[in-house]
Amino acid sequence: MAAEEKWKGWALKQQKEAEHGGEREPCVLLGQQLGEPGRFAYAALCGISLAWLFPENEQSSFRTEFIKGFVKWLDLPDAVLPAMTAFADGLGGEGTETFTEILLKDPVLKGNPLLIIEDLLSFSLRDGSYDARARVLICRVSWLLRIPLEDLKVLEESLLESLKEQKEEDSETAEISRKKKERRKKLKRYLLIGLATVGGGTVIGLTGGLAAPLVAAGAATIIGSAGAAALGSTAGIAVMASLFGAAGAGLTGYKMKKRVGAIEEFEFLPLTEGKQLHITIAITGWLCTGKYGSFTAPWSSMLHSSEQYCLAWESKYLMELGNALDSLLNGFVNMMAQEALKFTVLSGIVTALTWPASLLTVASVIDNPWGVCLHRSAEVGKHLAHILLSRQQGQRPVTLIGFSLGARVIYFCLQEMAQEKDSQGIIEDVVLLGAPVEGEAKHWKALTRVVSGRIINGFCRGDWLLSFVYRTSSVQLNVAGLQPVDLDDRRMVNMDLSSVVNGHLDYMKQMDTILKAVGIKTKECQPEEKGSGSLFSSQAKKSQRAAGSKARGVEDTRKEEDEAGGE
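Computed from a predicted structure; not experimentally measured.

Concerning the confidence of the model for the protein chain
Taken over all residues, the pLDDT of the protein chain has a mean of 73, while the share at 70 or more is 62%. For the protein chain, per-element mean pLDDT is lowest for helix α10 (residues 211-223), which scores 34, and highest for strand β5 (residues 427-433), which scores 96. Contacts of residues 1-26 to residues separated by more than four positions or lying in other chains number 41 contacts, the stretch itself having pLDDT below 50. Counting interchain partners and residues more than four positions distant, the pLDDT-below-50 stretch residues 165-173 has 16 contacts.

Here's what the structure looks like:
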């Protein structure tokens, strides 16, 4: 605590020196500018939001520690801590609208609520890590303040720029370039005052005598005279290592040195060249010859994050499965199955006896490779869990998106993580499309322990292929990829993709359309409204209405938002 106060005082001293040295527009932490009513409302709003987002008992320590640190960050008196703790434990939810109005009326904001998000982001990164739960909270507060989530992404990118070893070109003379540079410099200074001082030595993972000079060196480069390099110091490098993992190598630096159990192939392929404070990992469900012969092919249009990866796994077996799918679906059997669909899948009486004999005679074509990949996908999912738990990706939120057996990888990854300690705060959102896993709610409950944001289950009721491969299974009538998962949790969102997906192969071939339908930003179709980079945005709602979807998850989400808005 003493060290924290010491470095906060040091930062203010540095700032004053910078101001006397000719720096314009001094930047002070928002907590030292807002009036006490505004700070109280700000903290209360975060406490109430924490209780709404993470009401579970296992999240109580996160809520308590967050609000305790936040009260200190805002320089609120200790006497308010019991009230804030009560808000974080679920009391006072009806005051959301009142606290929002009080905060927005604070003269310091001057009608610009984005300053709140800047401050909340700075607080969330104060110790060199970015908890997924903190990012979900920031998204929630942004929604309450009617701030487009696209603005949050801009702030994150600006902070990321400030952490890179880059020097500004002082020779730029264009007016527009100068204004951009000044705005970016101001934002960097604001965020890094918090990042480099409030975290103290913990921000760079050092202790004792080494921490002080390194933090000082790192902060001085930002708060000092104009033209200094952005955290191009040992401290800056250490912060990058904490956030991005393995000294910046991150997921691409991971190589499976030896076989892990039955797994023969496991590697992360970059889908983008950028870096971001939150990342996306896509997982392909099968491979086939031709256009879709690579793991990256289905995800070519995805733009959910500036930093995206694709998991390459067991390509030999996934290619065999893909070829089997083609053989099965391109022949006469496909027509027979479609005809049988009218009398089986849609009537809900799918059994081994109701499938046409012509289809059953070639069942071995698909059964063997499917069974092999079912087993291997579960093993790959468990291995992925331990990679994420080891923070190979750094201290950043992760979004997982997968289709078919790729969705199964995600499912088993989350199940494995749920059994481990310290598994919370890593996963932000997950999207499972046509998932060949059990659809009973009791099996999905464990996922809520590790997912901070949304669990999206995209399904198609008429996916006869998924029904066929489960024809002899005890869970054949309860597969997540065929129907909603009836889990009563604010995270769970079921999306009926039946109007977009005609069959299982469409999950690969129609991925661009599917991504838009579930609210994932794509390259070809930039959103008309800002903020649609979120998983469940106005873009998603528009896409669904255009597709004629009647997803139950959409109705649930709207109901939640209406209730929240009426608080």
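Concerning the nonpolar core
In this structure, W299, L388, L400, I427 and W444 are the most contacted members of the largest nonpolar core, which totals 91 residues. Core analysis: the next-biggest nonpolar cluster, separate from the first, contains 50 residues, A44, V80, L109 and L114 among them.

What about the pattern of salt bridges?
By the definition in use, this model includes 15 salt bridges. One salt bridge in this structure joins R133 and D131, with 2.9 Å as the shortest N-O distance. The partner of K382 in a salt bridge is E379, with the nearest N and O atoms 3.9 Å apart. Of this pair, K382 and E379 both sit in helix α15 (residues 363-389), 3 residues apart, roughly one helical turn. Among the charged side chains, a salt-bridge network with shared partners connects E56, D489 and R491.

Comments concerning the sheet that holds strand β2 (residues 279-283)
Reading across from one edge, β1-β3-β2-β4-β5-β6-β7 is the order of the 7 strands in this open sheet, with mixed pairing throughout. Edge positions in the sheet fall to β1 (266-270) and β7 (492-496), since each of these pairs with one other strand and no more. Recorded for the sheet is a direction-independent mean angle of 20 degrees between the axes of neighbouring strands. Taken together, the 4 bridges between β5 and strand β6 (residues 455-459) define a ladder with parallel strand orientation. Looking at β6, one finds that V431 is bridged to I456. Strand contacts of helix α16 (residues 405-418): β2, β3 (308-313), β4 (398-403) and β5, with the helix running at about 140 degrees to β4, the strand carrying the most contacts.

A short note on the packing of aromatic side chains
In total, this model carries 14 aromatic pairs according to the counting rule given. Consider the rings of Y411 and W444, whose centres lie 5.6 Å apart with planes at 55 degrees: the pair is tilted. One end of the pair, Y411, is in helix α16; the other, W444, is in helix α17 (residues 441-444), with 33 residues separating them in the sequence. Taken individually, Y411 and W444 each receive the classification buried, so the pair is uniform in this respect. Members of the aromatic cluster, joined through ring pairs, are Y42, F54, F62, F66, F70, W73 and F123. Cation over ring: R126 sits above F123, and NZ or CZ is 4.0 Å from the ring centre.

What counts, and where the lines are drawn
- Residues numbered from 1 in each chain as written.
- Predicted model: local features only at pLDDT ≥ 70, side-chain atom pairs only at ≥ 80, totals over all residues.
- Heavy atoms only, no water.
- pLDDT = per-residue confidence, 0-100.
- Helix = DSSP H or I, 4+ residues; strand = E, 2+ residues; numbered from the N terminus.
- Contact = heavy atoms within 4.5 Å.
- Core = buried A, V, L, I, M, F, W, Y, C linked by side-chain atoms within 4.5 Å.
- Buried < 20%, exposed > 50% of the residue type's maximum accessible area, 1.4 Å probe, protein only.
- Salt bridge = Lys/Arg side-chain N within 4 Å of Asp/Glu carboxyl O.
- Pairing = 2+ DSSP bridges.
- Axes fitted to C-alpha atoms, helices over the stretch in contact; angles between N-to-C directions.
- Phe/Tyr/Trp six-rings, centres within 6.5 Å; stacked < 30°, edge-to-face > 60°.
- Lys NZ or Arg CZ within 6 Å of the ring centre and 35° of its normal.

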